[in-house]
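Chains, contacts and geometry: an overview
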There are 2 protein chains.
Amino acid sequence: VGEFELIRQFFMQHQPHPNVVLGNGDDAALLQAAPGHVLAVSTDMLVQGRHFFADVDPYALGHKALAVNLSDMAAMGAKPVAFTLALALDAAQRQPAWLQAFAAGLLDLAQTHGCALVGGDTTAGPFNVCITIMGEVPAAQALKRSAAQVGDDLYVTGDLGRARVALEALRSGWGLHPQHEVLASCRERLERPTPRIQTGLALRGLAHACADVSDGLLADLGHILHASGVSAQLDVDALFHSPACHPQVRALPRHQALTALLAGGDDYELVLTAPAAARAALEALQTQWDVPLTRIGRVLPAQGHGPRCELVNAQGQPFALPAGVELQGFDHFA
Amino acid sequence: VGEFELIRQFFMQHQPHPNVVLGNGDDAALLQAAPGHVLAVSTDMLVQGRHFFADVDPYALGHKALAVNLSDMAAMGAKPVAFTLALALDAAQRQPAWLQAFAAGLLDLAQTHGCALVGGDTTAGPFNVCITIMGEVPAAQALKRSAAQVGDDLYVTGDLGRARVALEALRSGWGLHPQHEVLASCRERLERPTPRIQTGLALRGLAHACADVSDGLLADLGHILHASGVSAQLDVDALFHSPACHPQVRALPRHQALTALLAGGDDYELVLTAPAAARAALEALQTQWDVPLTRIGRVLPAQGHGPRCELVNAQGQPFALPAGVELQGFDHFA
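Residues numbered from 1 in each chain as written. Chains lettered and ligands numbered in written order. Predicted model: local features only at pLDDT ≥ 70, side-chain atom pairs only at ≥ 80, totals over all residues. Heavy atoms only, no water.

Quick notes on the overall build of chain A
Note the following rule: In DSSP terms, a helix is any run of H or I states spanning at least four residues, a strand is any run of E spanning at least two, and both are numbered starting from the N terminus. Exposure is judged per residue with a 1.4 Å probe applied to protein chains only, and the accessible area is read against the type maximum: over 50% gives exposed, under 20% gives buried, and values in between give partly exposed. Two residues form a contact once any of their heavy atoms are found within 4.5 Å. In short, Shrake-Rupley with a 1.4 Å probe defines the accessible areas, and a residue's cover is counted only from the protein chains shown.
If you tally the helices and strands in chain A, you get 11 helices and 12 strands. Based on the C-alpha atoms only, the size of chain A along its principal axes is roughly 65 × 50 × 40 Å. By residue count, 60% of the 334 residues in chain A fall in the buried class. Across chain A, every contact between residues at least 6 apart in sequence was considered, and the portion connecting residues at least 24 apart equals 83%. Of the roughly 12,500 Å² that chain A leaves accessible, carbon and sulfur atoms contribute 51%.

Okay, structure coming up:
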């Protein structure tokens, strides 16, 4: 059985989908958005050694490869519709068992979100996974990075930093090691992130600006601030003592906990701004969710120095960062 | 200047485009198709050693990476709208001069076809280029592979085989070598293919089935035959003595010429079927084009053995293939 046959066998699915006029197998797929909707499009490329380790579990990698793309849809308030999958496969990935597990991880998550695999490309080469995802959103309700307004509250979904802690444990950083007990509760976050699709959809009409936290809170919040031409005040105490900081992260030495919280990558939570008038509605929504939404600051006018994020404590005074905190975001070239 | 800044500098463009509601720089781009149209989506991944040589001219590679995707739009009769670009860059590609030339080759072709770069991803890693392209086409006029009908004529645009001849010369195959005179006229076809966008648009409403010739004529025609459940008769004499066979290809030893014509990859011409009633309209269109459209056979009912392509001579008798012809298509795993 050749690789093309394996790909066909594991990946080709032709389930009816309201947005898919023509699926896999032609020169292109044909998609339609619902009336009044636009198509949101995003692409992510994952390579070995930078986004995952060589010995990664293939099911988890299939899940994560799609999850990071779904997360971009969540951040736009878009409903996932379809995706394309391009793969460069080395010998190790051309084993039927590997491909089958990878496909299962990918397609299980796709099915959860009603997202159809509509096309792809496969070649031999250094292992590489590139997914382009498409979703639909009413044009006026897309959660753009540029939509933050002065006076908005600042929120984050879920909790931050556990993916970074898992990464450090796996590579024996921060005095941790792969057998350390923190890895058990943190590894799932690194390898099987949960895209906040339902949250993103519920935020339509409530939130102003939104981005997903893939590079770290300060880096991704920075994208919102620059796109919107505003500054922000981030209450580090509120963040540190909220459900957005998992007890396992809070228990770390303080400089590590703050590094994970403020600059840990790969969390795939959402950072968003919303007007104060939306507080009650957001509170009400939260009772329906199994994911916390934590208010961590507010949006301010940009001063002469341009958009920046000011870290403050519970008293609104500058937060004194302990030595050893590393605030640069996750850099895929680093 | 970091790589991200270079990427921003060379690739970020924000020209207004009627289909682009939101371009580069957010979690996703927002696209809309014109009323009554659907979005055609296709993805291609290019890796070094398989789709191009390590010393490839970066401008040519930028051109080709987009051209192979545009060719898929042509094959659907779709008008190119936008594309995303994911790049894994090795040290050699992270040089400003390299990136700038690559971007220029890509964006010059994009501009020619009014196709906007709306998103992307960049990482360090073994060099890899993955483009996903989107176009628009009226739903009922898409040129699907499955639309061939018994009695249709079989056509091919342009000429076939020169890309394969260039590839052989570059790797000193077929008794050729990089200094051989054929390379001069054939190299452009391999490195700077011309996607048949205008032709694809003009074929709307005239052609039935269509595919682009990327894997070789017989392989890509085979896709049409299988998708449509029909067979075909291909007049090899007509093909060989037509404008679809460039004099430089015809001048090769006959087994090499036939290999290039029938199974040469990377041509990015179109193979299509159209009803006999469309002959006059296709002839009339041709006078407006600078690319030949050659009738090379016809579509027949599939017999008990399933879809197949029968090679015939000018007298309609089985074509006797000389020894040494290699008919398997281009295989990205081979």
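Next comes the rest of the account.
Observations regarding helix H5 (residues 181-191) of chain A
Residue and element names in this part refer to chain A. For clarity, the threshold we go by: When we speak of the arc, we mean the arc of directions from the helix axis to the C-beta atoms.
Burial in H5 covers these residues: Val182, Leu183, Cys186, Arg189, Leu190 and Glu191. Projected down its long axis, H5 shows its buried positions confined to an angular sector of 165 degrees, all on one face. The inward-facing, buried residues of H5 abut helix H2 (58-76), helix H4 (162-170), helix H9 (247-250) and strand E10 (269-274).

Some points on the sheet that holds strand E4 (residues 79-89) of chain A
Selection rule: Being paired, for any two strands, means DSSP has found at least two bridges between them. For helices, the fitted line uses only the C-alpha atoms of the stretch in contact; every axis is such a line through C-alpha atoms, and the angle between N-to-C directions lies from 0 to 180 degrees.
Pairing within the open sheet is mixed, and its six strands lie in the order E5(A)-E4(A)-E6(A)-E3(A)-E2(B)-E1(B). Each edge of the sheet is formed by a strand with only one pairing partner; in this case those strands are strand E5 (116-124) of chain A together with strand E1 (20-22) of chain B. Ignoring strand direction, the axes of neighbouring strands in this sheet form an average angle of 25 degrees. As paired strands, strand E3 (residues 37-47) of chain A and strand E6 (residues 128-138) of chain A are joined by 11 bridges and run antiparallel to one another. When the sheet's bridge partners are listed, Val38 of chain A is paired in E6 of chain A with Val137 of chain A.

Quick notes on the interface of chain B and chain A
Threshold: The quantity reported as buried area is the accessible area (1.4 Å probe) lost by two parts once they are put together, taken as the sum for both. Salt-bridge detection follows one rule: a side-chain nitrogen of Lys or Arg within 4 Å of a carboxyl oxygen of Asp or Glu. The term polar contact refers here to a pair of N or O atoms within 3.5 Å; inside protein, the definition further demands a hydrogen-donor-capable atom paired with an acceptor-capable atom, and it admits residues adjacent in sequence only when both atoms are side-chain atoms. Each residue gets one of three labels, nonpolar for Ala, Val, Leu, Ile, Met, Phe, Trp, Tyr, Cys and Pro, charged for Asp, Glu, Lys and Arg, and polar for the others, Gly among them.
Counting residues at the interface gives 57 residues for chain B and 57 residues for chain A. For the pairing of chain B and chain A, the buried interface totals around 4,300 Å² over both sides, and the portion due to carbon and sulfur atoms is 65%. Here Arg145 of chain B makes a salt bridge to Asp26 of chain A, at a shortest N to O gap of 3.8 Å. The tally of links from chain B across to chain A stands at 15 residue pairs in polar contact (both at pLDDT 80 or more). With nine residues, the single largest contributor to the side of chain B that touches chain A is strand E3 (residues 37-47) of chain B. Within the side of chain B that touches chain A, the residues separate by chemical class into 31 nonpolar, 14 polar and 12 charged.

Describing the side chain of Asn24 of chain A
Structurally, the position occupied by Asn24 of chain A is in the loop between strand E1 (20-22) and strand E2 (29-31). Within the structure, Asn24 of chain A has its side chain in polar contact with the backbone oxygen of Leu117 of chain A (distance 3.5 Å).

Examining the relation of the copies chain B and chain A
The relation between the two chain copies is a rotation about an axis coupled with a shift along that axis. Stated precisely, the cut-off is as follows: Alignment of copies: least-squares fit on C-alpha atoms of residues with pLDDT of at least 70 in both copies.
Mapping chain B onto chain A calls for a rotation angle of 180 degrees and an axial translation of 0.0 Å; the resulting RMSD is 0.0 Å. As the rotation angle and translation indicate, the two copies are arranged about a two-fold axis. Taken as a fraction of all interface residues of chain B, those also at the interface in chain A reach 100%, which identifies the copy contact as same-surface.

Description of the pattern of salt bridges
Close approach of charged atoms lets side chains of opposite charge pair. Residues and elements named next belong to chain A. Enumeration according to the criterion identifies 24 salt bridges over all chains in this entry. In this structure, Glu168 and Arg164 form a salt bridge, with 2.8 Å as the shortest nitrogen-oxygen distance. With Glu168 and Arg164 both in helix H4 and four residues apart, the pair spans about one turn of that helix. Note on accessibility: Glu168 and Arg164 belong to one class, buried. Between Arg196 and Glu269 there is a salt bridge; the shortest N-O distance is 2.8 Å. Of this pair, Arg196 sits in the loop between H5 and helix H6 (197-203) while Glu269 sits in strand E10, placing them 73 residues apart in sequence. Looking at Arg196, the relative accessible area reads 13%, which means it is buried.

Some remarks on H4 of chain A
Residues and elements named next belong to chain A. For H4, a buried count of nine out of nine residues is recorded, marking the element as mostly surrounded by other parts of the structure. Along H4, the residues classified as buried are Arg162, Ala163, Arg164, Val165, Ala166, Leu167, Glu168, Ala169 and Leu170. Elements that come into contact with the buried residues of H4 comprise H5, H9 and helix H10 (254-263). Positive phi shows up at Ser172, right after H4, with a value of about 55 degrees.

Quick look at the sheet that holds strand E4 (residues 79-89) of chain B
Spatial ordering of the open sheet is given by E1(A)-E2(A)-E3(B)-E6(B)-E4(B)-E5(B), a layout of six strands whose pairing is mixed. With one partner strand each, in any of the chains shown, E1 of chain A together with strand E5 (116-124) of chain B form the two edges of the open sheet. Mean inter-strand twist for the sheet, computed between neighbouring axes without regard to direction, equals 25 degrees. Relative to strand E6 (residues 128-138) of chain B, E4 of chain B is paired through nine bridges, and the arrangement is antiparallel. Bridged to Thr84 of chain B within E6 of chain B is Thr132 of chain B. Contacts from helix H2 (residues 58-76) of chain B reach E1 and E2 of chain A together with E3, E4 and E6 of chain B within the one sheet, and its direction differs from that of E3 of chain B by about 145 degrees. Those strands touched by helix H3 (residues 96-112) of chain B are E4, E5 and E6 of chain B, and its axis lies near 165 degrees from that of E4 of chain B.

Some points on the packing of aromatic side chains
Convention followed: Classification of ring pairs uses Phe, Tyr and Trp, with its six-membered ring standing for Trp, and accepts pairs whose centres are within 6.5 Å; under 30 degrees between planes counts as stacked, over 60 as edge-to-face, and the remaining range as tilted. Definition used: whenever NZ (Lys) or CZ (Arg) falls within 6 Å of the ring centre and also within 35 degrees of the ring normal, the charge is taken to sit over that ring.
Counting across every chain of the model gives six aromatic pairs over all chains. Their ring planes at 90 degrees and their centres at 5.3 Å tell us that Trp98 of chain A and Phe127 of chain A sit as a pair that is edge-to-face. Taken together, the residues Trp98 of chain A in helix H3 (residues 96-112) and Phe127 of chain A in the loop between E5 and E6 connect sequence positions 29 residues apart. For Trp98 of chain A, a relative accessible area of 15% corresponds to the buried category. Ring centres of Trp98 of chain B and Phe102 of chain B lie 5.3 Å apart, and the angle between their planes is 15 degrees; on these two criteria the pair is classed as stacked. Pair noted here: Trp98 of chain B and Phe102 of chain B are both in helix H3, with a separation of four residues, about one helical turn. Each member of the pair, Trp98 of chain B together with Phe102 of chain B, is buried. A network of ring pairs unites the aromatic residues Phe52, Trp98, Phe102 and Phe127 of chain A as a single cluster. In this arrangement the basic side chain of Arg254 of chain A is found over the ring face of Phe240 of chain A, its NZ or CZ atom lying 5.0 Å from the centre.

A closer look at the pairing of strand E9 (residues 230-235) of chain B
Looking along a regular strand, one sees side chains alternate from face to face of the sheet. Residues and elements named next belong to chain B. Most of E9 sits inside the fold, with six of its six residues counted as buried. Of the two faces of E9, the one lined by Val230, Ala232 and Leu234 and the one lined by Ser231, Gln233 and Asp235 are each fully buried. Pairing geometry for E9 and strand E11 (residues 293-301), over five bridges, is antiparallel. Bridge pairing links Val230 to Pro301 in E11. Relative to strand E12 (residues 309-312), E9 is paired through four bridges, and the arrangement is parallel. Within E12, the residue paired with Asp235 across the bridge is Val312.

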